[in-house]
Amino acid sequence: MPTSDMSVTSSDFLSALPSIVSAIPKDWYGTTFANLALKSRKPWSEELLKLIQEKKNGITKEDLDALGNAEDYWRVSSNISCLLECYYAVLYSTTISNIFTFTSSRMPAIAAARCGEVCLVGSSPLFTKEHMEIIETLNLKITQTTTLPPSISPNTIYVNYIPEGTAESPPPLSGDGYDATVFAGILVIHNDDKIPPADVLVTRKRMSCPFTTPLCSSILNSLSGGQPAPVVASDPTEFLTHLQKMSGSTCPIPPRTFGAGLPALCSMWSSMLTLGSVDVLMASTAYGGSSQLTDLMTLQNPNFNKYTFDIQGEADFVESVSLTLDKLKESGTGEYVVIMTEIPTNPDMKVPSLKKFITLLNSYKSSTSKNVILLVDTTFAPASSVISKVQSIDPDFTCMAFVSMSKSVSRGLTCAGGIVGSHTDLSSKVMQAVVKVSDALDSAATVYQVNTLVENHTGVEQRNRDAYNLAKEVGEVLCSQVKKSTGVDMPLAFVTAANASDGFTTSTFSFNLPPPPNASDEDKAGLAQKFVDVLQLDTELFKPCVSFGQDNRKCYATVPATSTQGAIKEEDKIKQAKGGVQLTRLSFPVSMDERVKDVVREAVGRLYEEMPGSV
């Protein structure tokens, strides 16, 4: 196991911790972080350890601000989760690369099992018999025993499970013979040849999450000698009823909530596998996290297959799905066919004709006799009542909703995800499986997350309308200034007024800036990012980040091709470029400073004045 190259001891760390905890910057408590000059976990932790060496217990807020950000989204890592993981790394004389916290007690072992066959050794089992049956369905191999076998196989990953271990009082480790240790939702890797940390990081960011910020704060406070605040679980009934209403659902099974959007989708895909073989259709430029998660499921499970359709540019949504369904008739093997799509789509902001869409899916269903499910990602418009819209077209068709609630539903105060069923028997069957699988994976939202959702869900419909109206206003300013600076009428990829009046009130739009007539290919390729860079010079108003719908008066700017679409194939991202210029995406809060419009005007003017090839 690699050891830390810093001479900071656990006593040094604990001595410095009270000053660190008292100086933590406000931005660390968010869910999204500025994505300029991200350091990743290991370099960030090395800077932290260097700071502890130099300043010991005299660390200030300015010192912590200077560390920058490890990652840009809490689900990947936050500075606070890295701070805690860095302590465990020092305690166990390793590097942070080998330490992972999970919101799930079982995902650490599952993450190891995604690297190979696992022998889990503990005084009591981590998984029940029913859990193990689900694990086997997911094509993962885990055996549980109370003692380390006398004969060690080089092809098996041996994991020591310590059921009595806690995050506040981490236990001593017995690494002899073990490739990893698991306790209290924490994975400590001893053999990174058998368990590559990079693979575990991908598993965690796509299928789970690190410890939540409130939990990290509580543990850090305890380690600093303080008393953690008691946590009382709120009654989620009203919130779950509201979530169901926003989705347009009358499902007899309540929505299921998760630690983030992707763990929700992971449980959905895993649940489908417990029912039979699955073919999934999704846009080739869907959110990169959803796309990569689906790829991971495909690689792990021979009964799970992914197909894509193109919606970039002028492509017609329904026609593109139709072309892929035609291919699926010839090559599809799934008993279940799930068409997953964001509505509005991301980053194109297209809203298909639901009547044409459902007519197409019903035609495919009739001709193939497959179990067809439409899974709508409602993250951009969580109050669109899309399930009831589908039900009004065909009461017997199964439509379900998947939503990331780290945006407008929680006001950006926590990450969370949800799966909402509909009234059909097929949907109830899937929802029952989702409940069982989420229990096996221990992927449900934590008490901290549920409490935040309970406190903040009210009023999301009006917040969405307000954010949409601001996006519409700024979009008009943007297009007007682009016309003034270039003479080009630049279209926005944005929902129509009719879409918005129908409930699809997204706070986000995308656009391809027109390139100067004599610009080089290199300048065209960098135009979108340069515009984002100019906008974010005003840090009070703009944040270079990958979120939206947050109630913090900040506008978010990003280039999807290099951020949210990091896992998307280059050939698919090229299709959404125009004239060699990639899409830029802007997202807006519930309320904002009027100066935003001036900043947009000035940024466009400055961009084209300074751009090579402008005339």
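Residues numbered from 1 in each chain as written. Predicted model: local features only at pLDDT ≥ 70, side-chain atom pairs only at ≥ 80, totals over all residues. Heavy atoms only, no water.

Identification of the chain as Cystathionine beta-synthase from Triparma verrucosa is taken from an unreviewed UniProt entry.

Draft legend 1. How the structure looks around the packing of aromatic side chains. Taken as a whole, this structure holds twelve aromatic pairs when the rule is applied. Relative to phenylalanine 317, the ring of phenylalanine 309 has its centre 5.7 Å away and its plane inclined at 75°; by these criteria the two rings are edge-to-face. Residues phenylalanine 309 and phenylalanine 317 agree in their burial class; the two are buried. Aromatic rings pair up to connect Tyr468, Phe494, Phe509, Phe511, Phe531 and Phe588 into one cluster. Across from the ring centre of phenylalanine 100, 4.3 Å away, lies the NZ or CZ of arginine 41, which sits over that ring. (Phe/Tyr/Trp six-rings, centres within 6.5 Å; stacked < 30°, edge-to-face > 60°. Buried < 20%, exposed > 50% of the residue type's maximum accessible area, 1.4 Å probe, protein only. Lys NZ or Arg CZ within 6 Å of the ring centre and 35° of its normal.)

Draft legend 2. Structural detail: the state of the cysteines. Throughout the structure, instances matching the rule amount to zero disulfides. Between cysteine 209, a free cysteine, and cysteine 415, which holds the nearest cysteine sulfur, the sulfur-to-sulfur gap is 6.7 Å. (Disulfide = S-S within 2.5 Å.)

Draft legend 3. Seen up close, the pairing of strand β3 (residues 142–145). Bridge analysis of strand β2 (residues 118–121) against β3 gives four bridges, and the strand direction is parallel. Directly across from valine 118, in β3, lies its bridge partner isoleucine 142. Between the parallel pair β2 and β3, the chain is carried across by helix α6 (residues 129–137), and the sense of this crossover is right-handed. (Pairing = 2+ DSSP bridges. Helix = DSSP H or I, 4+ residues; strand = E, 2+ residues; numbered from the N terminus. Right-handed = clockwise from strand over helix to strand, strands pointing away.)

Draft legend 4. Summary view of the nonpolar core. Of all hydrophobic cores here, the largest spans 103 residues; its most connected members are Trp269 and Leu374. Here this core gets eight residues from one element, more than from any other, and that element is helix α10 (residues 261–275). Other than its neighbours up to four places away in sequence, leucine 374 contacts Ile339, Thr341, Phe357, Ile358, Leu361, Val390, Phe397, Thr398, Cys399 and Met400. (Core = buried A, V, L, I, M, F, W, Y, C linked by side-chain atoms within 4.5 Å. Contact = heavy atoms within 4.5 Å.)

Draft legend 5. How the structure looks around the pairing of strand β17 (residues 584–587). Residues Thr584 and Leu586 line one face of β17 and the alternating positions Arg585 and Ser587 line the opposite face, and both faces are buried. Taken together, the four bridges between strand β14 (residues 508–511) and β17 define a ladder with antiparallel strand orientation. What sits directly across from phenylalanine 509, in β17, is leucine 586. Sheet topology note: the strand β16 (residues 555–558)/β17 ladder contains three bridges and is antiparallel. In the strand pairing of β17, alanine 557 is matched with leucine 586.

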